[in-house]
Amino acid sequence: MKRFVLFCCWLGVAGGRALAAEAGHPNFLLILVDDQSPWDFGFYNPASELRSPNLDRLAAEGMVFEGAYHMGSFLGAVCTPSRHMIMTGRTLWHLPIGPTAAKNCPAGIENQSLPAVFNRAGYQTMRTSKTGNSYEAANRLFTVRRDADKRGGTDETGSAWHAEQVLQYLEEREKSGEKRPFLIEFGFSHPHDTRDGKPEYLAHYGAVNHADPDSLPSINPAQPKLPPNWLPEKPFPDGHPGLRDETTVSGVWHRRDEATIRNELGRQFACAENIDTQVGRVIARLEAMGELANTYIVYTADHGIAIGRHAFQGKQNLYEHTWRVPFIVKGPGIQAGARVQGNIYLLDILATFCDLAGIPAPETNEGLSFRKVLQGGEPMVRDVVYGVYNGGTKPGMRSLRMGDWKLIEYDVLDGTVRRSQLFNLKENPNEWVSAHHRPEVRRATGIDPAEPQRDLSEDPVYEGKLREMRDRLLVEMRHWEDPYRLWNQPDDGMTPPPEITPKPKKRPREKAGRGQRPGSE
């Protein structure tokens, strides 16, 4: 039955489309980086010390989303479900790799993924990105694919390599007289660790590619300052002991001291500035070709990253620095310099691209088109946003954003940690907790949070708001078919799904030739 539905869906798309080769169909450039917090950028965080002139210009000429999120993860490798959601438009618990996939995901879903849909509509699709922790079945459907892991500190081993693949593709396209519109996934392997930056960028941020676990890097005045929500240790155990991202990342390991975090932020910024440079090269080429005016450009990340914020190092938490993603869109009809709340998920990209291209979204899609937001007709597509992390001990963490309010629930470590956090993000955008008020933390960051800027979950004044947020969280968990329940929720007769064990990676191929399709890892 599932295969019959997919076949009918394919017939609907194929039979009802106008071929994209006809005039007026837009191009799409999806720029997807690996591990980046919105707070890296000055257009989200005026105090940021990152130099990003090309992305600053993109933000000024396009629309910046204040509320863009990945829905969450049931794995420590948060990028894996995130990238599956981007490709399929499926929600977290309905993915082909999910713990309830047999029940909640139709077979052959890769044939309804972003490249498959746009291939059938007459687009030429191209991809360059990292090779692993992604959706291989969809990745191999791009008509031109040039993937490799590039996290080194040179042009050949770093981000410039990915830009070269796009530039070569555009050159070949121009020489051949190709007229079909394109959809390009322009992915980067950075700024994901190991953050080996190019020497000139590292020097600007006073950072070094520190690789000695027995010593600390030197503090350099040129290094970025500590984040305003830095902590030297977590306020309470978070529920994923021994997690690789928290204990063994080269250059950080288990440390959260000032020298380590400032140096690692410098490395992050060095990699991010290099990405900015490469994005600028590709945009300039599109403009020279006369393609820019008809191209929608999206810049985003698969998820955020902590790097010392709240004493986290990785992406396995639901604070705004990690749950949110940077999100910029520039293209035809989008007002320059606009800012919107949006309340979008990354999984909405498929529906939106289809809407902008005049292509029916596949019936398997569960995302919402935010075209009306891009065109100024609506401020957001949903009133609440729901988030998950349960890659560690179960049920894990859950989050709800509703208006200015944010709830995070922790039910981890076999019930030994059951905590709530309630934030008013308008008054406390850094999600400061009591630990941020300690004198030694204030001295290190140079910031004195005001007394109300803390977790409000235990304040009796906000008891009604806490109850309201918890009630709505349960509604969302039921709506999205979350298979778990927290300690303070009715069990609903739920049976926890089996654990997901990631498959061991194959050794990645260093470089893919033009048009080749390297093996998955």
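The subject of this paragraph is the packing of helix H7 (residues 159–176) against helix H10 (residues 258–289). With their axes 9 Å apart at the nearest point, H7 and H10 run at an angle of 10° to one another. Of the possible angle classes, the one that applies to H7 and H10 is roughly parallel. Contact residues: H7 offers Ser159, Ala160, Ala163, Glu164, Val166, Leu167, Leu170, Glu171 and Glu174, while H10 offers Asn274, Ile275, Gln278, Arg281, Val282, Arg285, Leu286 and Met289. For the contact of H7 with H10, the class distribution of residues is nine nonpolar, three polar and five charged.

Let's shift gears to the side chain of Lys406. Along the chain, Lys406 turns up in strand E14 (residues 405–412). Polar contacts involving the side chain of Lys406 include one to the side chain of Glu431, which spans 2.6 Å. In this structure, Lys406 is in contact with Leu318, Tyr319, Glu320, Trp323, Ser399, Leu400, Gln421, Leu422, Phe423, Leu425, Glu431 and Met469, ignoring residues within four places of it in sequence.

We now examine the nonpolar core. One finds Phe65, Phe118, Phe186, Tyr299 and Phe327 to be the most contacted residues of the largest nonpolar core, which totals 82 residues. The dominant element in this core, judged by the number of residues it contributes, is H10, at nine residues. Ignoring sequence-local partners within four residues, the contact set of Tyr299 consists of Ile31, Val33, Gln36, Phe41, Leu55, Leu58, Ile275, Val279, Pro326, Phe327 and Ile328. Listed in part, the 54 residues of the second largest apolar core include Leu75, Trp323, Val417 and Met469.

This brings us to the packing of aromatic side chains. Summed over all chains, the structure comprises 20 aromatic pairs. Look at Phe118 and Tyr123: their rings are 4.9 Å apart centre to centre, the planes differ by 80°, and that puts the pair in the edge-to-face class. Taking the relative accessible area as the measure of exposure, Phe118 reaches 0% and is therefore buried. Feature note: the residues Phe28, Phe118, Tyr123, Tyr296 and Phe353 constitute an aromatic cluster, connected by ring pairs. The ring of Tyr44 carries the charged tip of Arg339 above its face, separated from the ring centre by 5.8 Å.

Right, let's talk about the environment of Tyr386 for a bit. One can find Tyr386 in strand E12 (residues 384–389). Of the residues examined, Tyr386 reaches a relative accessible area of 0% and is grouped as buried. Placed 181 residues apart in sequence, Tyr386 and Tyr205 show a C-alpha to C-alpha distance of 36 Å. Beyond its immediate sequence surroundings of up to four residues, Tyr386 is in contact with Met71, Trp93, Trp323, Tyr345, Arg398, Ser399, Leu473, Glu476, Met477, Trp480 and Asp482.

With respect to topology, eight strands assemble into an open sheet ordered E6-E5-E7-E1-E8-E9-E2-E10, the strand pairing being mixed. Of all the strands in the sheet, the pair left with one neighbour each is strand E6 (144–145) and strand E10 (338–340). With three bridges joining them, strand E2 (residues 63–65) and E10 adopt parallel strand pairing. Looking at the pairing, Val64 lines up with Arg339 of E10. Sitting on the sheet, H10 touches strand E1 (27–34), strand E7 (182–191) and strand E8 (295–301), and the angle it makes with E7 is about 160°.

In this section: the pattern of salt bridges. All told, the structure shown has 52 salt bridges when counted by the stated rule. A salt bridge links Asp34 to Arg83; the nearest nitrogen and oxygen atoms lie 3.7 Å apart. Placement of Asp34 in strand E1 and of Arg83 in helix H3 (residues 79–88) is noted, with a sequence separation of 49 residues between them. For the pair Asp34 and Arg83, a shared accessibility class is recorded, and that class is buried. A salt bridge links Asp147 to Arg127; the nearest nitrogen and oxygen atoms lie 2.8 Å apart. Separated by 20 residues along the polypeptide, Asp147 in the loop between E6 and H7 and Arg127 in strand E5 (residues 124–128) bring together distant segments of the chain.

Calculation notes
Residues numbered from 1 in each chain as written. Predicted model: local features only at pLDDT ≥ 70, side-chain atom pairs only at ≥ 80, totals over all residues. Heavy atoms only, no water. Axes fitted to C-alpha atoms, helices over the stretch in contact; angles between N-to-C directions. Helix = DSSP H or I, 4+ residues; strand = E, 2+ residues; numbered from the N terminus. Parallel < 35°, antiparallel > 145°, perpendicular 65-115°, else oblique. Contact = heavy atoms within 4.5 Å. Nonpolar A, V, L, I, M, F, W, Y, C, P; charged D, E, K, R; others polar. Polar contact = N/O pair within 3.5 Å; in protein donor to acceptor, adjacent residues only side chain to side chain. Core = buried A, V, L, I, M, F, W, Y, C linked by side-chain atoms within 4.5 Å. Buried < 20%, exposed > 50% of the residue type's maximum accessible area, 1.4 Å probe, protein only. Phe/Tyr/Trp six-rings, centres within 6.5 Å; stacked < 30°, edge-to-face > 60°. Lys NZ or Arg CZ within 6 Å of the ring centre and 35° of its normal. Pairing = 2+ DSSP bridges. Salt bridge = Lys/Arg side-chain N within 4 Å of Asp/Glu carboxyl O.

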